[in-house]
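Chain by chain, the residues run as shown.
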Amino acid sequence: YPEHLWMKPAAAYHFPLDGAPVSIGLYGEGHINTTYLVTTTSGKRYILQKIKDTVFDVPPLMENIERVIRLAQKNAKKQADETGKMQIGSLNLIDDLDGCSYYRDETGYYRVYDYVEGTICLQAPESNDDFYQSAAAFGAFQKLMQNFPVEELHESIPDFHNTVNRYRIFRETVSRDPLGRAAGVSEEIRFALDREKGAGELCRLRQNGTLPLRVTHNDTKLNNVLLDEKTRKARCVIDLDTVMPGLAAYDFGDAIRFGAATAAEDERNLSRMTLDLERFRIFTRGYLEYGPDFSEKEIETFPLGAIIMTLECGVRFLTDYLDGDRYFAIRRDGQNLDRARTQFKLVSEMEKHLDEMRRIVREEEDRRNSQKR
Ligand code: ADP
Ligand code: MG
Ligand code: MG
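So, a few notes on the structure that sits alongside this text.

Criteria and cut-off values
Residues numbered from 1 in each chain as written. Chains lettered and ligands numbered in written order. Predicted model: local features only at pLDDT ≥ 70, side-chain atom pairs only at ≥ 80, totals over all residues. Heavy atoms only, no water. Near = heavy atom within 4 Å. Polar contact = N/O pair within 3.5 Å; in protein donor to acceptor, adjacent residues only side chain to side chain. Helix = DSSP H or I, 4+ residues; strand = E, 2+ residues; numbered from the N terminus. Nonpolar A, V, L, I, M, F, W, Y, C, P; charged D, E, K, R; others polar. Domains from an automatic or database assignment. Donors = N, O, S within 2.8 Å, 3.2 Å for Na, K, Ca; no water. Buried < 20%, exposed > 50% of the residue type's maximum accessible area, 1.4 Å probe, protein only. Salt bridge = Lys/Arg side-chain N within 4 Å of Asp/Glu carboxyl O.

Digging into the site of ligand 1
Right, on to step 1. Around ligand 1, a shell composed of 19 residues is seen, among which Ile32, Asn33, Gln49, Val116 and Asp239 lie nearest.
Right, on to step 2. Contacts to ligand 1 include Gln49, whose side-chain N or O atom sits 2.9 Å from an oxygen atom.
Right, on to step 3. Secondary structure elements with two or more residues in the shell around ligand 1: strand 3 (45-51) and strand 6 (108-114).
Right, on to step 4. Among the residues making up the shell around ligand 1, the classes are represented as ten nonpolar, seven polar and two charged.
Right, on to step 5. Split by domain, the residues of the shell around ligand 1 number at least three in each of domain 1 (3-57 + 90-115) and domain 2 (128-372).

So this is what it looks like as structure tokens:
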């Protein structure tokens, strides 16, 4: 068995838990970290995570998370005081016995969160309202981060949404063609290259200051939101590893890429892959209702964000296919190519529906503005 399936991490004993651990078991369906549920003699529960340190430089990453959580807790309290009702809240991180936000031993890096009781975590929405709640959660997260000094945030994955750079790597991989796979996918390569110029638009708007830098989550999937098990309303956003400076259009776009797609990322029957405009509308609504006062320009870039995030993702899958599947794990041959194809199909669908996406965003913006008045 792999180590993590039988090892009960001793790290749990290095955090000031309420009571002694009575059970430590693997928990959840996360793919990045190794997550354990810890129950103590007092009955209190905690989430213990072994942080994936092969992908992340842990100390700066944890500094990001500490600061994000501190501000989220402060602003959530302020918003609750102002409105007199509980808003979407934040995770609580527990420092280790030395007062550090993570503990390191010879097996790796660990952190502990309070387990958020009375919540559920869904892998896929069971209704439109579940999807709406994820939009509310990520919008609210954006609002909680409004006055964060974003230039002080570390880039936990450098150039994460630097689409221009992603394309540079793509072209370099095409010309290197280490496995001779390029000839078989010339159509896909063409599709990507035809769109290279437009794909750099968000980068340009970020660089020339047209769009404000925000604290972005960068993994805006429903399974990174905890919903109240009774009311099914969003309680908080989790999985803050990829929190970085970025654009609202990244978080919005990636949520649409994943959540408003009608087929799985590796679906082989491409006719199944289209854009669900109803889902698109629902996410837009929740994101605008719960989000900060995004600028007109920012809101205008949301449909573009959906296209660029999807295109960038497809380009990354195709790059990895050409490069011999070294980054994205595959369970069958050609899976990364299938993934690239679904993303490109979705890009085509989004291009076809661009006017509708724009109209929906405008309608939802008007709707929000009239509610505020
Ligand atoms: P990964 O990066 O591996 O996806 P996550 O931080 O998303 O890691 O955690 C994995 C799973 O653990 C989540 O999908 C959720 O089910 C559960 N989880 C994480 N943190 C908490 C928490 N504080 N309270 C309750 N459940 C949690
Ligand atoms: Mg997760
Ligand atoms: Mg994660």
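Topic: the coordination of the magnesium ion (ligand 2)
Right, on to step 1. Looking at the magnesium ion (ligand 2), the protein donor atoms are Asn224 (OD1) and Asp239 (OD), and they sit 2.2 Å from it.
Right, on to step 2. Here the magnesium ion (ligand 2) and the magnesium ion (ligand 3) are spaced 3.9 Å apart, and both take Asp239 as a donor. Taken together, the residues Asn224 in the loop between strand 8 (214-216) and strand 9 (225-228) and Asp239 in the loop between strand 10 (234-237) and strand 11 (244-246) connect sequence positions 15 residues apart.
Right, on to step 3. Given a relative accessible area of 5%, Asn224 falls into the buried group.
Right, on to step 4. On the basis of relative accessible area, Asp239 is assigned to the partly exposed category, the value being 24%.

Let's talk about the pattern of salt bridges
Right, on to step 1. A full pass over the atoms with the stated rule returns 36 salt bridges.
Right, on to step 2. The residue Arg257 makes a salt bridge to Asp254 at a minimum N-O spacing of 2.7 Å. Of this pair, Arg257 and Asp254 both sit in helix 8 (residues 248-259), three residues apart, which is roughly one turn of that helix. The same class applies to Arg257 and to Asp254, which are both buried.
Right, on to step 3. Among the ionic pairs, Arg268 bridges to Asp338, the shortest N-O distance being 3.3 Å.

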